[in-house]
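Now for the letters of each chain:
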Amino acid sequence: MTTTESTAVVLLSHGSRDPRAAYVVGELVLAVAAGTRMTVRAAYLDFAAPHPRVALRQLAADGFTSVRVVPLLFAPGYHLTHDVPMAVAASGVTEQVDISVAPPLLAGGRRQRELLLRALAERLRQAGADGRVDALVLASAGSSSQKARLCVESLARDLERAHGIPVEPAFASAGTRSPTQALEALSKRGIRRAAVASLFVAPGRLTDSVVAACPDLSVADPLGVNPAFVELLVVQARALSRTT
């Protein structure tokens, strides 16, 4: 296959054994393609195919001379500092294809942060977290990287300012505070009507664990194809300057 287009986009997911995750990524591929009018394909670091090195080789074979990799990852961590550069190098096409990698979703500019906050707020409203809620837990996957955790904590402070109520960050896997511990901390402050904002792209084992840890609370769905989140990905895809 050859193409007259010059630039394509790769939506790069961590990957999951849960088929719901791949389904959502597929929906995002279609939505970002519609928003950018570019060819958009999915790739996965683990648990699903294609691996990014394979996806990049295929795009090179299809005649694309520029590829924008948009990680569906929120914060800087090992995947972005190690796995993604290794995959790009392993593709073997960097001499013929100009490959740029977008920053993590929490490291974009003001526009990206506004869109992410809007998407989180819309998911909370859909979950029934109305004005009676007096605090939020911001649940995310977590990371062994302190820099990544600080990025999530910064978003929690932005949520506090946006909603005017306390927000506690929580981490479903690695991290210093689990959702249960975040709820306990809020309870000690006299909070009785908390809700949970979900900093996840798609459902899977970790989102299920958050729901299980927060019984009887409004837990927002993952961001998925929320319009504001799709717009955020479109912004990331269109910013074609090379990042280093």
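In the block above lies the structure referred to throughout.
What you are looking at is a predicted structure, and each value in this text was computed from that prediction instead of being measured.

Definitions and cut-offs
- Each chain carries its own residue numbering, running from 1 in the written order of its sequence.
- Residue-level local features of this predicted model are given only where pLDDT is at least 70; pairs of side-chain atoms are given and counted only at 80 or more, and the full residue set underlies all totals for whole chains, interfaces and linings.
- Only hydrogens and water are set aside when side-chain values are computed; all heavy atoms of the structure are taken into account.
- A helix here means a DSSP run of H or I that spans at least four residues, while a strand means a run of E at least two residues long, and both kinds are numbered starting from the N terminus.
- The quantity called the radius of gyration is restricted to C-alpha atoms. Its globule counterpart is 2.2 Å times the number of residues to the power 0.38.
- A 1.4 Å probe rolled over the protein chains alone gives each residue an accessible area, and that area as a share of the maximum for its type sets the label: buried under 20%, exposed over 50%, partly exposed in between.
- All accessible-area figures derive from a Shrake-Rupley calculation using a 1.4 Å probe, and residue coverage is judged against the displayed protein chains alone.
- None of His or the chain ends enter the tally, which takes Lys and Arg as positive and Asp and Glu as negative.
- By convention, charge coordinates are those of NZ in Lys, CZ in Arg, CG in Asp, or CD in Glu.
- When DSSP finds two or more bridges between two strands, those strands count as paired.
- Fitted lines through C-alpha atoms serve as axes, helices being fitted only where they are in contact, and the angles separating the N-to-C directions of these axes extend from 0 to 180 degrees.
- Here, residues are in contact when the closest pair of their heavy atoms is within 4.5 Å.
- For a helix, the expected span equals 1.5 Å multiplied by the number of residues minus one.
- For this analysis, a polar contact is any N or O atom pair within 3.5 Å, provided that within protein one partner can donate a hydrogen and the other can accept it, and provided that sequence-adjacent residues contribute only side-chain to side-chain pairs.
- In the sections that follow, a salt bridge refers to a side-chain nitrogen of Lys or Arg positioned within 4 Å of a carboxyl oxygen of Asp or Glu.

A tally of helices and strands in the protein chain yields 8 helices and 8 strands. Relative to its length of 244 residues, the protein chain is compact, with a C-alpha radius of gyration of 18 Å against a globular reference of 18 Å. Along the first, second and third principal axes, the C-alpha set of the protein chain runs to 60 × 30 × 30 Å. Sorting the 244 residues of the protein chain into buried and exposed places 52% on the buried side. For the protein chain, the accessible area works out to roughly 11,500 Å², and carbon and sulfur atoms hold 52% of it. Each charge class in the protein chain was averaged separately, 26 positive and 21 negative side chains, and the resulting centres sit 3 Å apart.

This part is about unusual backbone geometry. The omega torsion across Ala49 and Pro50 is 5°, close enough to zero to call that bond cis. Note on placement: Pro50 falls in the loop between β2 (39-44) and α2 (52-61). Of note, the phi angle at Arg37 is positive, near 60°, even though the residue is not glycine. Here Arg37 is to be found in the loop between α1 (19-36) and β2. A positive phi angle is found at Phe47, which is not glycine, with a value near 70°. Summarising the element assignment, Phe47 is placed in the loop between β2 and α2. Classification of Phe47 as partly exposed rests on a relative accessible area of 37%.

If you walk across this open sheet you meet the 4 strands as β2-β1-β3-β4, and the pairing is parallel. Pairing within the sheet leaves two strands with one partner each, and these edge strands are β2 and β4 (98-101). Between one strand axis and the next, the sheet turns by 25° as a mean value, whatever way the strands run. As paired elements, strand β3 (residues 66-71) and β4 share 4 bridges and run parallel to each other. Its bridge partner being in β4, Ser66 is matched across the sheet by Asp98. Against the sheet, helix α8 (residues 227-238) engages β1 (7-13) and β3, with an angle of about 145° to β3.

Pairing is parallel in the open sheet, where 4 strands are placed in the order β6-β5-β7-β8. Two strands bound the open sheet, and with one partner strand each, they are β6 (167-171) and β8 (218-219). Sheet topology places strand β5 (residues 135-140) next to β6; 5 bridges connect them, and they run parallel. Among the inter-strand pairings, Ser140 is bridged to a residue of β6, identified as Phe171.

To continue, consider the side chain of Ser66. Relative to the assigned elements, Ser66 resides in strand β3. Judged by its relative accessible area of 14%, Ser66 falls in the buried class. Ignoring sequence-local partners within four residues, the contact set of Ser66 consists of Ser6, Thr7, Ala8, Val97 and Asp98.

Taking 1.5 Å per residue as the helical rise, α8 with its 12 residues ought to reach 16 Å, and the 16 Å between its terminal C-alpha atoms agrees with that figure. Looking at α8, one finds that the buried residues are Ala228, Phe229, Val230, Leu232, Leu233, Val234, Gln236 and Ala237. Buried residues belonging to α8 abut β1, α1, β3 and α4 (110-126). The opening residue of α8, the one whose side-chain oxygen lies 2.9 Å from the backbone nitrogen of Ala228, is Asn226.

Following the criterion strictly, the structure yields 10 salt bridges and no others. For Glu160, the salt bridge identified is with Arg157, shortest N-O distance 3.3 Å. One end of the pair, Glu160, and the other, Arg157, are both in helix α5 (residues 146-163), 3 residues apart, so they sit about a helical turn from each other. For the salt bridge of Arg189 with Glu168, the shortest nitrogen-to-oxygen distance reads 3.3 Å. Placement of Arg189 in the loop between α6 (179-188) and β7 (194-199) and of Glu168 in strand β6 is noted, with a sequence separation of 21 residues between them. One continuous salt-bridge network, built from bridges that share partners, spans Asp18, Arg20 and Asp208.

No statement about biological role is implied by the geometric values presented.
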